[in-house]
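Here are the chains, one letter per residue:
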Amino acid sequence: MTTTTPPITLDDVRDAATRLKGVAHRTPVLRSRTLDALVGAEVFLKCENFQRVGAFKFRGAYNAASRLSPEQLARGIAAYSSGNHAQAVALAARELGTSAVIVMPEDAPPSKRDATLGYGAEIVTYDRYTGDRVAIGEALAAERGLALIPPYEHPHVMAGQGTAALELLEEVGELDALITPVGGGGLIAGSATVVKGLHPGARVIGVEPEAGDDTKRSLEAGRRISIPVPRTIADGQALHTPGELTFSVNRRLVDEIALVGDDEIRDAMRFAFERLKIVVEPSGATPLAALLTGRVGAPPRRIGVIISGGNVDAARFAELCGKQG
């Protein structure tokens, strides 16, 4: 009989938490009586929009970058990202005294591009609808001798992302379900590793935009499915296929994937702003949208939600949320 060793374990996430202590923020957990009443459950919002760079991505980027050898750090780091991982790697590189080169789509949100430049990184652009960012990133890293840190397809990245769920459980105790956004699958893979490792009976639910349901299709098929690059306001989830490593975790540990539309994401962003007094970017609002629309079915008693990020500039936020309907 052969067994497959999982890419990450609960101990890997705990080790990442030790490495991130004092470097990453321990982000707040918010409650809302209004939200609890609407959902019919106790909801605990883990607000990674208050994380460094404004998103959970710093956890995985720093955990991976901090493990590079002095020789690797001296040569520099490469990454590819639509925005949040770009900023995270750029900041991690600055913290560790090295340089970063980031491959970003031409249509990346200007606020994310500007922040990445502000952390000192070099940006190389490509067309997300015709170019292959993985191939571009790998070629660039090989040409310049850089250490490549992908946004999710890396055990140390996944383990770092899982520390958000670990902190949540440490603070609020056992949950009946945890809901997270799903893009490439790193956040939910790390989170599921924690939840199932500590409380095997809890459900792990991912949320994707309707236009980008590659993980839902893949889990239903039992293999990775590719779709056309989706067009959605949730730019952090505009991916066409799950990662190989992340899918190997998620097919074992994730219980359900819910889908939400762009209008529902807008409504969730507006709700977070008006009732919770927080700014949430579209990708970060998808779990909240799934809760508010009842897309996760009958809610369990205690639900954790990871609000993955808040990187949306004022003009874009106003454009998305300024009008009803």
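Residues numbered from 1 in each chain as written. Predicted model: local features only at pLDDT ≥ 70, side-chain atom pairs only at ≥ 80, totals over all residues. Heavy atoms only, no water.

(A) Expanded view of the overall build of the protein chain. Assigned secondary structure in the protein chain consists of 14 helices and ten strands. For 325 residues, the compact-globule estimate of 2.2 N^0.38 gives 20 Å, and the protein chain sits close to it at 18 Å. Here the C-alpha coordinates of the protein chain stretch approximately 55 × 55 × 40 Å along the principal axes. By the burial criterion, 59% of the 325 residues in the protein chain qualify as buried. When contacts within the protein chain are restricted to residue pairs at least 6 apart in sequence, long-range pairs at least 24 apart make up 72% of them. Of the roughly 13100 Å² that the protein chain leaves accessible, carbon and sulfur atoms contribute 49%. If the 36 positive side-chain charges of the protein chain are averaged to one point and the 39 negative ones to another, these points end up 3 Å apart. (Helix = DSSP H or I, 4+ residues; strand = E, 2+ residues; numbered from the N terminus. Rg over C-alpha atoms; globule rule 2.2 N^0.38 Å. Buried < 20%, exposed > 50% of the residue type's maximum accessible area, 1.4 Å probe, protein only. Contact = heavy atoms within 4.5 Å. Areas by Shrake-Rupley, 256 points an atom, 1.4 Å probe, with all protein chains shown as cover. Lys, Arg positive; Asp, Glu negative; His and termini not counted. Charge placed at Lys NZ, Arg CZ, Asp CG, Glu CD.)

(B) Expanded view of helix α12 (residues 262–276). Between its first and last C-alpha, α12 extends 20 Å over 15 residues, near the 21 Å set by a 1.5 Å rise per residue. Of all the positions in α12, only Glu-264, Ile-265, Ala-268, Met-269, Arg-270, Phe-271, Ala-272 and Leu-276 are classed as buried. Packed against the buried residues of α12 are α2 (33–39), β2 (42–47), β8 (203–209), β9 (256–260), α13 (282–292) and α14 (314–321). Directly after α12, the chain includes Lys-277, whose backbone phi takes a positive value near 65°. (Expected span 1.5 Å × (residues − 1).)

(C) Spatial organisation of the packing of helix α1 (residues 10–20) against helix α3 (residues 57–65). Running from amino to carboxyl end, α1 crosses α3 at an angle of 90°, the nearest separation of the two axes being 10 Å. In this view, α1 runs roughly perpendicular relative to α3, as classed from their interaxial angle. Only Arg-59, Tyr-62 and Asn-63 of α3 make contact with α1, whose side of the interface consists of Ala-16, Arg-19 and Leu-20. A breakdown of the residues in the contact of α1 with α3 according to their chemical character gives three nonpolar, one polar and two charged. (Axes fitted to C-alpha atoms, helices over the stretch in contact; angles between N-to-C directions. Parallel < 35°, antiparallel > 145°, perpendicular 65-115°, else oblique. Nonpolar A, V, L, I, M, F, W, Y, C, P; charged D, E, K, R; others polar.)

(D) How the structure looks around the pattern of salt bridges. Taken as a whole, this structure holds 24 salt bridges when the rule is applied. Of the charged contacts in the structure, one is a salt bridge between Arg-295 and Glu-264, with a shortest N-O distance of 2.5 Å. One end of the pair, Arg-295, is in the loop between α13 and β10 (302–307); the other, Glu-264, is in helix α12, with 31 residues separating them in the sequence. For Arg-295, a relative accessible area of 32% puts it in the partly exposed group. (Salt bridge = Lys/Arg side-chain N within 4 Å of Asp/Glu carboxyl O.)

(E) Geometry of the sheet that holds strand β3 (residues 77–80). Judged by pairing direction, the sheet is parallel, and its four strands sit side by side in the order β5-β4-β3-β6 without closing on themselves. The sheet is open, and its two borders are formed by β5 (122–126) and β6 (147–148), each paired with just one other strand. Most of the contacts of helix α5 (residues 84–95) go to strand β4 (residues 100–105), to which it runs at about 175°, and overall it touches β3 and β4. Its contacts with the sheet place helix α6 (residues 110–118) against β4 and β5, and it is angled at close to 170° to β4. (Pairing = 2+ DSSP bridges.)

(F) Up close: the packing of aromatic side chains. Following the criterion strictly, the structure yields two aromatic pairs and no others. Ring centres of Phe-58 and Tyr-62 lie 5.7 Å apart, and the angle between their planes is 35°; on these two criteria the pair is classed as tilted. A residue pair is termed a helical-turn pair when its members lie 3 or 4 positions apart in one helix, as Phe-58 and Tyr-62 do in helix α3 at four residues. With relative accessibility at 0%, the residue Phe-58 sits in the buried group. Here Arg-31 stacks its cationic end above the ring of Phe-44, 4.3 Å away from the centre of that ring. (Phe/Tyr/Trp six-rings, centres within 6.5 Å; stacked < 30°, edge-to-face > 60°. Lys NZ or Arg CZ within 6 Å of the ring centre and 35° of its normal.)

(G) Summary view of the sheet that holds β2. If you walk across this open sheet you meet the six strands as β1-β2-β10-β7-β8-β9, and the pairing is mixed. The outermost strands of the open sheet, each flanked by one partner alone, are β1 (29–30) and β9. Relative to β2, β1 is paired through two bridges, and the arrangement is antiparallel. Paired with Leu-30 across the strands is Leu-45, a residue of β2.

(H) Geometry of the side chain of Asp-214. Tracing the chain through its elements places Asp-214 in helix α10 (residues 214–221). The side chain of Asp-214 sits in the buried core without any salt bridge; Arg-217 is the nearest counter-charge, 8.0 Å away. With sequence-adjacent residues up to four places away left out, Asp-214 is seen in contact with Gly-183, Glu-208, Ile-225, Ile-227, Leu-239, His-240, Thr-241 and Pro-242.

(I) Examining the pairing of β4 more closely. Among the six residues in β4, six count as buried, and that is most of the element. By the alternation rule, side chains of β4 split into Ala-100, Ile-102 and Met-104 and Val-101, Val-103 and Pro-105, which are all buried. Of the strand pairs in this sheet, β3 and β4 are connected by four bridges, and their pairing is parallel. Among the inter-strand pairings, Tyr-80 is bridged to a residue of β4, identified as Val-103. As for the winding sense of the linkage, the β-α-β connection from β3 through α5 to β4 is right-handed. By the bridge criterion, five bridges tie β4 to β5 in an arrangement that is parallel. Across the sheet, residue Ile-102 finds its bridge partner in β5, namely Ile-123. Taking the sense of rotation as the criterion, the β-α-β connection linking β4, α6 and β5 turns out right-handed. (Right-handed = clockwise from strand over helix to strand, strands pointing away.)

Note that every value here comes from positions in space, so none of it alone points to a role or purpose.
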